[in-house]
Amino acid sequence: MTTSTSTPRITVLGSLNIDLVAYVSHHPLPGETMTANSVAVSPGGKGANQAVACAKLSRSHTSSSSSSSGSSSEEETAHITMLGTVGADSYGSLLKENLAKHGVDVSGVRVLDSPPGIKTGMAMIVVDEPTGQNRIILSPEANHFLQPEHVSEVAHLRSSSGSSSSSGAPQEKPDLLIMQLEIPVPTVLQALKTAKQNGVQVLLNPAPAVPLPDEAFDGLAHLVVNETEAAILSGLEESVLDTEEGLEKVGTLFLQKGVKTVIVTLGGRGVFFMTGEGGSKKGLIKAEKAKVVDTTAAGDTFVGMYALEVVTAAKKGEQFGIESAVRKANKAAAKTVERAGAQDSIPWRDELL
């Protein structure tokens, strides 16, 4: 079936990686060679993870779509589209198939066969089993061939007149665009500009963080960062975020740059939020209790759940309840860390009931 215009639409522009994950008894020291307890190969990439999070959290497991085109299910509460690039290899095919299996529209995922030899992006992840903490090394590969000119022309961020999806249905612009920084920064900046020109709200999760120009924050609807990212983007020492007063200082700085809502995830300390005129709404919400197995994709799950709350409220014409959205996102992320893996660890909607 075609997606109803009453169904919220989220577009995720970002990375698609294959994850090579080693589970170890401790993170290796410099010069240390060690044997992993187990190894897994699975679909990942922050962009793809967040698309899968939006898709899984917007439907129950039993109603998930297995259509290769990512077409809508009767039970979905949002339609999710992925924009990105993969190589013409088996990993690229696996990533597209996995997205579609979870109900994500993959019509915007480009398969690159030139330049010759371009590979799908890859992430090497080492997980410390006793704590669940990870260390990640990225090799962007095809992700870095997603250039600004591709974004400025893409119909997925524009009004629907004269454009259509690969299925032939009219292409509607999204209610929310989600991005990260695992693709080239100039591409992200162009997407921000294109979205602004077309009245599309943006949620930016700037990871891995690099300093961004002030124009990136002007009019940005939602900024979701962790402590390290907040420090890099604000230019302040990370230790400033150790107190609630310091968190308010960072939040105020971003609001002054033009951000509408600032979210700072703090791991075991919880989540800080600030929004409204002069930061009139703010708070520090405690973390959910969880038995941590693997923290991979926890932040991506948080973004997915939070994004769904944003578009659902907007589509219903209701006022967005930020504290409620953060609490729900916290709960979903806590469920994720109790499982191993990235996209496989993200819960379905009915698992949170």
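This structure is a prediction, so every number in the text was calculated from the model and none was measured. (Residues numbered from 1 in each chain as written. Predicted model: local features only at pLDDT ≥ 70, side-chain atom pairs only at ≥ 80, totals over all residues. Heavy atoms only, no water.)

A. Looking closely at the packing of helix H7 (residues 298–316) against helix H8 (residues 322–337). One can describe the packing of H7 onto H8 by two numbers: an axis separation of 8 Å at closest approach and a directional angle of 145°. Here the hand of the crossing between H7 and H8 comes out right-handed. Touching Ala298, Thr301, Phe302, Met305, Tyr306 and Glu309 of H7 are Ile322, Ala325, Val326, Lys328, Ala329, Asn330, Ala332, Ala333, Thr336 and Val337, all from H8. (Axes fitted to C-alpha atoms, helices over the stretch in contact; angles between N-to-C directions. Helix = DSSP H or I, 4+ residues; strand = E, 2+ residues; numbered from the N terminus. Left-handed = near helix turned anticlockwise from the far one by under 90°. Contact = heavy atoms within 4.5 Å.)

B. Just the sheet that holds strand E13 (residues 281–285), in detail. If you trace the 9 strands from one edge of the open sheet to the other, you get E5-E4-E1-E8-E9-E10-E11-E12-E13, paired in mixed fashion. In this open sheet, the two edge strands, each paired with only one partner strand, are strand E5 (105–112) and E13. Within this sheet the neighbouring strands show an average axis-to-axis angle of 15°, counted without direction. Packing of H8 onto the sheet brings it into contact with strand E11 (261–265), strand E12 (271–275) and E13, and relative to E12 it is tilted by some 155°. (Pairing = 2+ DSSP bridges.)

C. Just the pairing of strand E7 (residues 134–139), in detail. The pairing of strand E6 (residues 121–128) with E7 spans 6 bridges and is antiparallel. Its bridge partner lying in E7, valine 127 is registered against asparagine 134. Connecting E6 to the antiparallel partner E7 that follows it, the hairpin turn spans 5 residues, and glycine 132 within it adopts a positive phi of roughly 80°.

D. Structural view of the sheet that holds E6. Pairing within the open sheet is mixed, and its 4 strands lie in the order E3-E2-E6-E7. This sheet does not close on itself; its edge strands, each paired only once, are strand E3 (38–44) and E7. For this sheet the average axis-to-axis angle between neighbouring strands, irrespective of direction, equals 20°. Judged from the 7 bridges that link them, strand E2 (residues 17–24) and E3 form a sheet pairing that is antiparallel. When the sheet's bridge partners are listed, tyrosine 23 is paired in E3 with serine 38.

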